[in-house]
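Remarks on the overall topology
The lines below spell out each chain.
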Amino acid sequence: MAEIWQLDGALQEIAGKVAAGERLDREDALTLYRSNDLLALGYLSAVVKKRRHGERVYFAVNHHLNYSNVCVNGCRFCAFSRAPGEAGAYTLSLDAVEAKLFRMKELGVRELHIVGGLNPELDLGYFEKLLRRAREILPGVTLKALTAVEVDFLARRHGLSITEVLSRLKEAGLDCLPGGGAEVFAPRVRELICPRKISGDKWLAIHAAAHRLGIPTNATLLYGHLETVAERVDHLLALRRLQDETGGFLSFVPLAFHPRNTALAGQVKECPTGFDDLKTIAIARLLLDNFPHVKAYWVMLGPKIAQIALHFGADDLEGTVVEEKITHSAGAESPEWLARQELVELIRTAGYVPVERDALYNTVREGF
Ligand code: V47
Ligand code: SF4
């Protein structure tokens, strides 16, 4: 083997650590980012993925529900939101939500992903009712709802603590929080791309509060805009530190930036390259040794790169993702949704065993 494939010298030591199951450090992650030996990164991350999950790759039959695009934050990377009163702004009434929930019943959905903007017109009561209706109409469907940013907005609106808001949402049926709103924790980057958004420390504190209440959560990294590679690595290390303390994260989801129709389009012309996508997934899998799952979010990667990502450390292809608006508003060229059978085929033809899951990674079905 050595004659046909000489491992990049700097990677030798890291490969030794991976083989021994040792934790990688910041310098290792930077070395991995500097390396262009993509296949070595794929090999190392696939070793780690297989240790945890063998040949299994998860997916969900899921649906997105974007209850409103009205948002007072105006993040510069977001093409989905509208200021209050701006043309194109919408908010779904609870009756309109209910009609959508009845339509989802037909589709065999097992995960519902509910997010929107920071809409001053909507109070905690709206979300409690929304979750209760979803519980009633879709029993057995796991409810992944409201990012840390939305939870913080509700807490401030009502003068409640984060724990009080989360407890009330849990009581109404919330199962877990999605990972959105994390972006890049570095204050320098937040100032450039989302100056009004909660800080990285606040995002982490809200996830810690959820974990303490027994609400599992996901985590994201928005990459491919104005951040440095070191800032990406520090973001991953902050997530790993919190996971060491709480163990409450289920999944890490890297999100590839789509610039079209956003205020950053003048500065960032293209989505990240496929090379960067695969490197980022592989490095996340290697660094986040305490995260059970790493998702390849096909909506942002496109189904082709997402399928290849299954050989670069990802163990989850996310889902059917019906009615996704955030990435498609920013020019995503991926399909509007994928059928269950298409996901099964993408996983199978990559050589893995498809496992249908719900939002909490309970197995719904195996043996396709
Ligand atoms: O918070 C916004 C990002 C997130 C753009 O937890 C953009 O299972 C790329 O968090 N280009 C929402 N990204 C999506 C999200 C998510 C998706 C799938 C699964 C899970 C999960 C979470 O999308 C936002 C923001 O970070 N985003 N605009 C854009 N133009
Ligand atoms: Fe609002 Fe979220 Fe868009 Fe930021 S990313 S503008 S918080 S909807």
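Residues numbered from 1 in each chain as written. Chains lettered and ligands numbered in written order. Predicted model: local features only at pLDDT ≥ 70, side-chain atom pairs only at ≥ 80, totals over all residues.

**Some details on the site of ligand 2**
- Close contacts around ligand 2 come from Cys71, Asn73, Gly74, Cys75, Cys78, Phe80, Ser81, Gly117, Leu118, Val149, Cys194 and Lys197, and that covers them all.
- A breakdown of the residues in the shell around ligand 2 according to their chemical character gives seven nonpolar, four polar and one charged. (Near = placed C-beta within 6 Å. Nonpolar A, V, L, I, M, F, W, Y, C, P; charged D, E, K, R; others polar.)

**Some thoughts on the site of ligand 1**
- Near ligand 1, the surroundings consist of 23 residues, among which Pro178, Gly179, Gly180, Asn218 and Ala330 are the closest.
- Going through the elements one at a time, β5 (217-223), β6 (249-256) and α14 (326-329) are the ones with two or more residues in the shell around ligand 1.
- Considering every element that reaches the shell around ligand 1, the biggest residue donor is β5, with three residues.
- Considered class by class, the residues forming the shell around ligand 1 number twelve nonpolar, nine polar and two charged. (Helix = DSSP H or I, 4+ residues; strand = E, 2+ residues; numbered from the N terminus.)

**Thoughts on the packing of helix α2 (residues 26-34) against helix α10 (residues 229-246)**
- As a packed pair, α2 and α10 sit with axes 10 Å apart at the nearest point and diverge in direction by 135°. Taken as axis vectors, α2 and α10 run oblique relative to one another. Once α2 is placed against α10, the crossing between them reads as right-handed. Between α2 and α10, the contacting residues are Arg26, Ala29, Leu30 and Tyr33 on the first element and Val229, Ala230, Val233, Leu236 and Leu237 on the second.
- Partitioning the contact of α2 with α10 into residue classes produces eight nonpolar, no polar and one charged. (Axes fitted to C-alpha atoms, helices over the stretch in contact; angles between N-to-C directions. Parallel < 35°, antiparallel > 145°, perpendicular 65-115°, else oblique. Left-handed = near helix turned anticlockwise from the far one by under 90°. Contact = placed C-beta atoms within 7 Å.)

**Structural notes on the sheet that holds strand β4 (residues 142-145)**
- The parallel open sheet is built from three strands, whose spatial order is β2-β3-β4. Looking along the sheet, the strands with just one partner apiece sit at the ends: β2 (62-66) and β4. Along the sheet, successive strands turn relative to each other by an average axial angle of 20°, direction set aside.
- One ladder, built from five bridges, connects β2 with strand β3 (residues 111-115); its direction is parallel. Directly across from Asn66, in β3, lies its bridge partner Val115. (Pairing = 2+ DSSP bridges.)

**Section: the UniProt feature "binding site: S-adenosyl-L-methionine" (unreviewed entry) in the protein**
- UniProt marks Phe77 and Glu183 with the feature "binding site: S-adenosyl-L-methionine" (unreviewed entry), using the numbering shown here. Judged by maximum C-alpha separation, these annotated positions cover 107 residues in sequence but sit close together in space, the widest gap being only 9.8 Å.
- Its location among the elements puts Phe77 in the loop between β2 and α4 (94-105).
- Look at Phe77 and you get buried, because 22 C-beta atoms sit within 10 Å.
- Mapped onto the fold, Glu183 is located in the loop between α7 (162-172) and α8 (187-193).
- Overall, the presence of 25 C-beta atoms within 10 Å leaves Glu183 in the buried class.
- Among residues more than four places away in sequence, those in contact with Glu183 are Arg190, Ile193, Cys194 and Leu222. (UniProt positions renumbered as here; feature names shortened; annotations may be inferred. Buried ≥ 20, exposed ≤ 12 C-beta atoms within 10 Å, placed from the backbone.)

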